[in-house]
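Residue-level listing of the chains:
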Amino acid sequence: MAASPHTLSSRLLTGCVWYLERRAMRDSPHKFMHLFRNVNKQWITFQHFTFLKRMYVTQLNRSLNQQVKPKPEPVASPFLEKTSSGQTKAEIYEMKPFSPSSLSLSRKPNEEEVIELESASIIEASIDEGKERKDEKQWKEMKLRADDLPGILARLSKIKLTALVVSTTSAGFALAPGPFDWFCFLLTSVGTGLASCAANSINQFFEVPFDSNMNRTKNRPLVRGQISPLLAVSFATCCAVPGVALLTWGVNPLTGALGVLNIFLYTCCYTPLKRISIANTWVGAVVGAIPPVMGWTAATGSLDAGAFLLGGILYSWQFPHFNALSWGLREDYSRGGYCMMSVTHPALCRRVALRHCLALIGLCTAAPLLDVTTWTFPAISLPINLYISYLGFRFYADADRKSSRKLFFCSLWHLPLLLLLMLTCKQPPAHIFF
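Description of the structure in this document. In this text the structure is predicted, and so the values were computed from the model without any measurement.

**Here's the deal with the nonpolar core**
Across soluble globular proteins, nonpolar side chains have a tendency to be buried as a group.
Point 1. Counting 53 residues, the largest nonpolar core has Leu156, Phe377 and Met422 as the members making the most contacts within it.
Point 2. Counting residues in hydrophobic clusters, the runner-up holds 17 residues, among them Cys339, Met341, Val352 and Cys357.

This is the structure we're talking about:
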């Protein structure tokens, strides 16, 4: 019985497939098993084999069932062709099995199935990876929850810096001559803390575009969109108004005026100067020197020599503290567009830090001369002042991150210890009126 033309063409096609596969396996079996790497020539060969096989199977079995699963998103992969965003891809993942006797292939039966499984797993992995990348880059709406609000407002008001401001104000109040009034002390502390929260919140409101470029400040609430600018300004207003009112009518008008002056200097002078001139460091030092003066005026109602001495100590302490901090953040400040001594005048930055470390020794020596402390204070404060001066000299001479970090961490414990020593050596009231 003569064979039909269809049977002859099928056998001829089967022989071609068998010949090509055997030749590819014989020439490079290792490469054939790893067609999925990234070689374009091997990929074309595998694509050719797949095309021939599907043509052959379709001719033998016209009732072949295929299920189509639409892909959710096009993903760039070496196994998928590039398509436009409006198009969808279909994956044929299930085929009705056909009789193995219809094929007279002499190769191993599970070899091609292993290759197809490997290719499917790689494609699926690439799709999942593409989805993860897209989720990471996608903008998500930040929803404000009531549980998160206290923490967000604490970061908006720079709660640690506010605590330092309140502590220096408390030290000025305690070092002032006269009896200690607990109610006035409480009003002064609360009013100063509220004023500090208001100034810090307005500062962050103005610096959102610049903070987003710095690693140190890119996670602030306004930068991340955790709260709206309107809520930040409203919070600052709710802190500033009662804070100034407490200082003015609860304590005395002089202390309230100093609170208003400090908010103005920090928000309207220091904040814009950070992008204009290195003079911002000196203005910021004045801002940091006012809180202990406010504590003194809250207790005495006047500006005395002791108030200026405490302000001078805080003023000089801030230069080694901030200059050492900014030295390690020079790249950050450059990206943020801030004009800092450590960026534009590095030699001046080191000289100023050393100069004010040495100035602390002279200011502590002047404390008993102004009847703020006894003569014990200059003696017991000399070791820590000499140590911070030594670190300031190492920072001036070495000009590296290691020396700047040592000076910065020393300044963190130097100020509270120095104020504590001043409190222990406070001049007795009887001697003041002698």
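**Topic: helix 12 (residues 280-300)**
Point 1. With 21 residues, helix 12 extends 31 Å from end C-alpha to end C-alpha; this agrees with the ideal 30 Å at 1.5 Å per step.
Point 2. A maximum bend of about 25 degrees is found in helix 12 at Pro291.
Point 3. Taken across its 21 residues, helix 12 has 16 buried, putting it largely inside the fold.

**A look at the packing of helix 7 (residues 182-206) against helix 11 (residues 253-273)**
Working note: a packed helix pair is described by the angle between its axes plus the distance between those axes.
Point 1. Relative orientation of the contacting elements helix 7 and helix 11 amounts to 20 degrees, with a least axis distance of 9 Å. With respect to each other, helix 7 and helix 11 are oriented roughly parallel. Considering the relative orientation of helix 7 and helix 11, their crossing is right-handed. Residue-level contacts link Ala195, Ala199, Asn200, Ile202, Asn203 and Phe206 of helix 7 to Ile263, Tyr266, Thr267 and Thr271 of helix 11.
Point 2. In the contact of helix 7 with helix 11, the residues fall into six nonpolar, four polar and no charged.

**Comments concerning the packing of aromatic side chains**
Point 1. In total, this model carries 15 aromatic pairs according to the counting rule given.
Point 2. Relative to Phe409, the ring of Phe408 has its centre 5.4 Å away and its plane inclined at 65 degrees; by these criteria the two rings are edge-to-face.
Point 3. By the ring-pair criterion, three or more aromatic residues cluster together here, those being Phe173, Phe180, Trp182 and Phe185.
Point 4. Its end group placed over the ring of Tyr338, Lys274 keeps NZ or CZ at 4.6 Å from the ring centre.
Point 5. Taking NZ or CZ as reference, Arg330 lies 4.1 Å from the ring centre of Trp327, over its face.

**Regarding the packing of helix 11 against helix 12**
Point 1. Running from amino to carboxyl end, helix 11 crosses helix 12 at an angle of 170 degrees, the nearest separation of the two axes being 9 Å. Here helix 11 is positioned roughly antiparallel relative to helix 12, judged by the angle of their axes. The crossing of helix 11 and helix 12 is left-handed. In contact with Leu254, Thr255, Leu258, Gly259, Leu261, Asn262, Leu265, Tyr266, Cys269, Tyr270 and Leu273 of helix 11, helix 12 contributes Asn280, Val283, Gly284, Val286, Val287, Ile290, Pro291, Val293, Met294, Thr297 and Ala298.
Point 2. Of the residues in the contact of helix 11 with helix 12, the class split is 16 nonpolar, six polar and no charged.

**Topic: the state of the cysteines**
Point 1. Within this structure, the stated rule accounts for zero disulfides.
Point 2. For the unlinked cysteine Cys269, the closest cysteine sulfur is that of Cys268, found at 6.4 Å.
Point 3. Look at Cys269 and you get partly exposed, because its relative accessible area is 22%.

Each value, and the rule that gives it
- Starting afresh in each chain, residues are numbered from 1 along the sequence in its written order.
- Residues qualify for local features only when their pLDDT is at least 70, as the model is predicted, and side-chain atom pairs are given and counted only at 80 or more; totals for whole chains, interfaces and linings, by contrast, use all residues.
- For side-chain calculations, the full set of non-hydrogen atoms in the structure is used, while hydrogens and water are omitted.
- Throughout this description, the term nonpolar core refers to a set of buried Ala, Val, Leu, Ile, Met, Phe, Trp, Tyr and Cys residues connected via side-chain atoms within 4.5 Å.
- Classification of residues uses two cut-offs on accessible area relative to the type maximum, computed with a 1.4 Å probe and protein chains only: under 20% is buried, over 50% is exposed, and between them is partly exposed.
- Secondary structure elements follow DSSP: runs of H or I no shorter than four residues count as helices, runs of E no shorter than two count as strands, and numbering proceeds from the N terminus.
- Any helix carries an expected span of 1.5 Å times its number of residues minus one.
- Axes are fitted to the seven residues ending at a residue and to the seven starting at it; the angle between these axes is taken as the bend at that residue.
- Comment: axis = line fitted to C-alpha atoms, over the contacting stretch for helices; angle = value between 0 and 180 degrees taken between N-to-C directions.
- Reported orientations rely on four angle classes, namely roughly parallel under 35 degrees, roughly antiparallel over 145, roughly perpendicular from 65 to 115, and oblique for the rest.
- Two helices crossing with the near one rotated counterclockwise from the far one by less than a right angle form a left-handed crossing, whereas a clockwise rotation gives a right-handed crossing.
- Here a residue-residue contact requires only that any non-hydrogen atoms of the pair lie within 4.5 Å.
- Under the scheme applied here, ten amino acids are nonpolar (Ala, Val, Leu, Ile, Met, Phe, Trp, Tyr, Cys and Pro), four are charged (Asp, Glu, Lys and Arg), and all others, including Gly, are polar.
- Only the six-membered ring of Trp is used, alongside the rings of Phe and Tyr, when aromatic pairs are assigned; centres must lie within 6.5 Å, and planes under 30 degrees apart are stacked while those over 60 apart are edge-to-face, with the rest tilted.
- Charge over a ring is defined by NZ of Lys or CZ of Arg lying within 6 Å of the ring centre and within 35 degrees of the ring normal.
- Here, a disulfide means two cysteine sulfur atoms that sit within 2.5 Å of each other.

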